[in-house]
Amino acid sequence: MSFRREKFVPKGGPDGGNGGRGGDVILVANGQLHTLLDHRYRREYAAPNGAPGEPSRRSGKSGRALRIEVPVGTVVRSEESGAMLADLVEDGQEFIVLPGGAGGRGNAEFATATNQTPRKAESGREGKDAQLLLELKLIADVGLVGFPNAGKSTLISVISAARPRIADYPFTTLEPNLGIVRYREYDSFTVADLPGLIEGAHEGKGLGHKFLQHVERTRVLAMLIDCMSGDYQADVDVLRNELSSYSGELSEKPWFIAVSKTDTADEETQERISELASRHDVPVLSFSSVSQEGINALKDMMWRMIT
Ligand SMILES: Nc1nc2c(ncn2[C@@H]2O[C@H](COP(=O)(O)OP(=O)(O)OP(=O)(O)O)[C@@H](O)[C@H]2O)c(=O)[nH]1
Ligand SMILES: [Mg+2]
């Protein structure tokens with residue numbers, strides 16, 4: 001509320017300006033980000049208030065919109081209802097989580113013919129708040145699926161510039177790593193190195209759901225089987241079963257089998273691979289990230305399956 005006060009202008013009249021709008025809270029998908037880690041550590045965000053209105057009918061400044069960056073592939077849900085509010089699948093895509101509250105009206109707005117000196121002004125509306133769940137569903141052309149230690153991270157480090165941690169113990173990979181594979185001269189595709197899968201994952205064992213939700217948005221699955229494993233067919237069965245128990249959609253994705261670490265093969269390995277191949281309609285390949293044997297054929301297969 002304000003009245004005009006000037007020398008020689010008695011009864012200058014109401015001149016209080018309107019308050020500014022509060023800032024919007026917006027989620028923005030950014031293709032450069034690959035995890036939601038930032039939001040694990042920082043959990044609360046608030047857009048600034050609008051500034052109060054000022055004399056001389058000047059409106060207050062609106063609060064700047066708060067733009068929170070999230071990786072492409074982020075699904076936004078209401079914590080309360082679990083309902084999906086947005087699915088940010090494109091770089092730069094925005095979702096207005098909460099529009100800023102409206103600013104109040106200054107007393108200048110309330111002047112009428114019969115009330116020329118309104119002593120009334122309106123306060124701004126309270127901002128709103130919301131509790132959201134952010135879930136990242138990675139988007140990649142090929143997802144590497146396999147037991148812990150199958151050699152998934154090593155493979156992605158060989159075919160792309162990604163440098164995930166590699167170690168000889170299970171569950172080295174906790175968050176997916178995305179790698180871009182250059183193919184021939186001009187083409188490229190993306191491969192996701194996913195955390196290891198174990199029996200019972202669909203019920204939450206190991207990294208369970210965390211793993212499976214990422215698989216949902218890969219187009220093709222490369223199933224890695226360690227060539228030192230005792231029973232290839234049993235491994236494939238367990239992995240397939242986990243996928244289909246999680247969702248029917250996963251088991252309908254195109255897939256193929258890649259037996260890894262062939263540099264450690266023994267006399268029987270080749271025979272066992274052939275036997276596995278005879279039991280499946282899907283392609284069965286073998287490769288070694290260490291010796292590079294079969295790596296080009298593997299890339300060719302990935303390319304063929306996604307195009
Ligand atoms: N000899 C040989 N060892 C390999 C090969 N690929 C991976 N390894 C070894 O196998 C172990 C596991 O490799 P990772 O790439 O970390 O396996 P991962 O599938 O990513 O494992 P998680 O992240 O735990 O699921 C490491 O000790 C690697 O050095 C290969 O082609 N040949
Ligand atoms: Mg790994």
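These numbers were taken from a predicted model, which means no experiment stands behind them. (Residues numbered from 1 in each chain as written. Chains lettered and ligands numbered in written order. Predicted model: local features only at pLDDT ≥ 70, side-chain atom pairs only at ≥ 80, totals over all residues. Heavy atoms only, no water.)

Peer 1: Would you mind showing me how to read the coordination of the magnesium ion (ligand 2) here?
Peer 2: Within the first shell, the magnesium ion (ligand 2) binds the protein through Ser153 (OG) and Thr173 (OG1), at distances of 1.9 to 2.1 Å. Taken together, the residues Ser153 in helix α2 (residues 152–159) and Thr173 in the loop between α2 and β8 (177–183) connect sequence positions 20 residues apart. An identical accessibility class is assigned to Ser153 and Thr173; each is buried. (Donors = N, O, S within 2.8 Å, 3.2 Å for Na, K, Ca; no water. Helix = DSSP H or I, 4+ residues; strand = E, 2+ residues; numbered from the N terminus. Buried < 20%, exposed > 50% of the residue type's maximum accessible area, 1.4 Å probe, protein only.)

Peer 1: Any chance you could explain the packing of aromatic side chains here in plain terms?
Peer 2: Counted according to the given criterion, the structure contains 3 aromatic pairs. For the ring pair Tyr183 and Trp303, a centre distance of 5.0 Å and an interplane angle of 25° mean the geometry is stacked. One end of the pair, Tyr183, is in strand β8; the other, Trp303, is in helix α7 (residues 295–306), with 120 residues separating them in the sequence. The same class applies to Tyr183 and to Trp303, which are both buried. Plain terms: the ring middles of Phe189 and Trp303 are 6.0 Å apart, the flat faces sit at 40° to each other, and that makes the pair tilted. Pair noted here: Phe189 is in strand β9 (residues 187–193) and Trp303 is in helix α7, with a separation of 114 residues, a long-range link. A residue is classified by how much of its surface remains accessible, and Phe189, at 2% relative accessible area, is buried. (Phe/Tyr/Trp six-rings, centres within 6.5 Å; stacked < 30°, edge-to-face > 60°.)

Peer 1: Is there a simple way to explain the sheet that holds β9 in this structure?
Peer 2: Sheet strands pair by backbone hydrogen bonding; their relative direction is either parallel or antiparallel. Strand order in this open sheet of 6 strands is β8-β9-β7-β10-β11-β12, and the pairing throughout is mixed. Taken across any chain shown, the strands that pair with only one partner, and hence form the sheet edges, are β8 and β12 (284–286). Recorded for the sheet is a direction-independent mean angle of 30° between the axes of neighbouring strands. As judged from the 6 bridges shared by strand β7 (residues 140–146) and strand β10 (residues 218–226), these two strands associate in the parallel manner. Opposite Val145, over in β10, you have Met223 as the bridge partner. The sheet strands contacting α2 are β7, β8, β9 and β10, and the helix crosses β9 at an angle near 160°. (Pairing = 2+ DSSP bridges. Axes fitted to C-alpha atoms, helices over the stretch in contact; angles between N-to-C directions. Contact = heavy atoms within 4.5 Å.)

In short, the description is geometric, and any link to function would need to be established separately.
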